[in-house]
Amino acid sequence: MKYQLACGDVMPGCAQTFDESDKDVLLGQVAEHAAAAHGITEITPEVLAAVDSKIRVTG
Ligand SMILES: [Zn+2]
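All of the points below concern the structure found in this document. Owing to the predicted nature of the structure, the values given are computational and were not obtained by experimental measurement. (Residues numbered from 1 in each chain as written. Predicted model: local features only at pLDDT ≥ 70, side-chain atom pairs only at ≥ 80, totals over all residues. Heavy atoms only, no water.)

A word on the overall build of the protein chain
Now for step 1: Along the backbone of the protein chain there are three helices and three strands.
Now for step 2: The C-alpha atoms of the protein chain give 11 Å as radius of gyration, which agrees with the globular expectation for 59 residues (10 Å, within 12%).
Now for step 3: Oriented by its inertia axes, the alpha-carbon framework of the protein chain measures out at about 30 × 20 × 15 Å.
Now for step 4: Taking all 59 residues of the protein chain together, the buried fraction comes to 20%.
Now for step 5: Of the roughly 3800 Å² of accessible surface on the protein chain, a fraction of 52% belongs to carbon and sulfur atoms.
Now for step 6: Taken as two groups, the 4 positive and 9 negative side-chain charges of the protein chain have centres that lie 9 Å from each other. (Helix = DSSP H or I, 4+ residues; strand = E, 2+ residues; numbered from the N terminus. Rg over C-alpha atoms; globule rule 2.2 N^0.38 Å. Buried < 20%, exposed > 50% of the residue type's maximum accessible area, 1.4 Å probe, protein only. Areas by Shrake-Rupley, 256 points an atom, 1.4 Å probe, with all protein chains shown as cover. Lys, Arg positive; Asp, Glu negative; His and termini not counted. Charge placed at Lys NZ, Arg CZ, Asp CG, Glu CD.)

As structure tokens, this is what we get:
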């Protein structure tokens, strides 16, 4: 099982992509990236829902 997310699907114009076999790891990386690249330091339920809806599961 693979979890993939293109940040650009959530934040238009961002080229960062994520590809992890563990969803929690992926979400941790997204949180770090959101803070570093987008100034989003608080992952609200709305942000999490937006991110979660864009995660593609393969495998
Ligand atoms: Zn981004």
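What follows picks up the thread again.
With respect to the coordination of the zinc ion
Now for step 1: Coordination of the zinc ion by the protein is provided by C7 (SG), C14 (SG), H33 (NE2) and H38 (NE2), with metal-donor distances spanning 2.0 to 2.3 Å.
Now for step 2: Angles of 106 to 115° at the metal separate the four donor atoms of the zinc ion, which places the site in the tetrahedral class.
Now for step 3: Along the chain, the residues donating to the zinc ion are arranged with the sequence spacing C-x6-C-x18-H-x4-H.
Now for step 4: Classification of C14 by relative accessible area gives buried; the value is 19%. (Donors = N, O, S within 2.8 Å, 3.2 Å for Na, K, Ca; no water. Tetrahedral: all angles 85-135°; square planar, octahedral: opposite > 155°, others 65-115°.)

Some remarks on the environment of S53
Now for step 1: With respect to the element layout, S53 can be found in helix α3 (residues 45-54).
Now for step 2: With 39 residues separating them along the chain, S53 and C14 place their C-alpha atoms 17 Å apart.
Now for step 3: Of the polar contacts made by the side chain of S53, one reaches the backbone oxygen of A50; its length is 2.9 Å. (Polar contact = N/O pair within 3.5 Å; in protein donor to acceptor, adjacent residues only side chain to side chain.)

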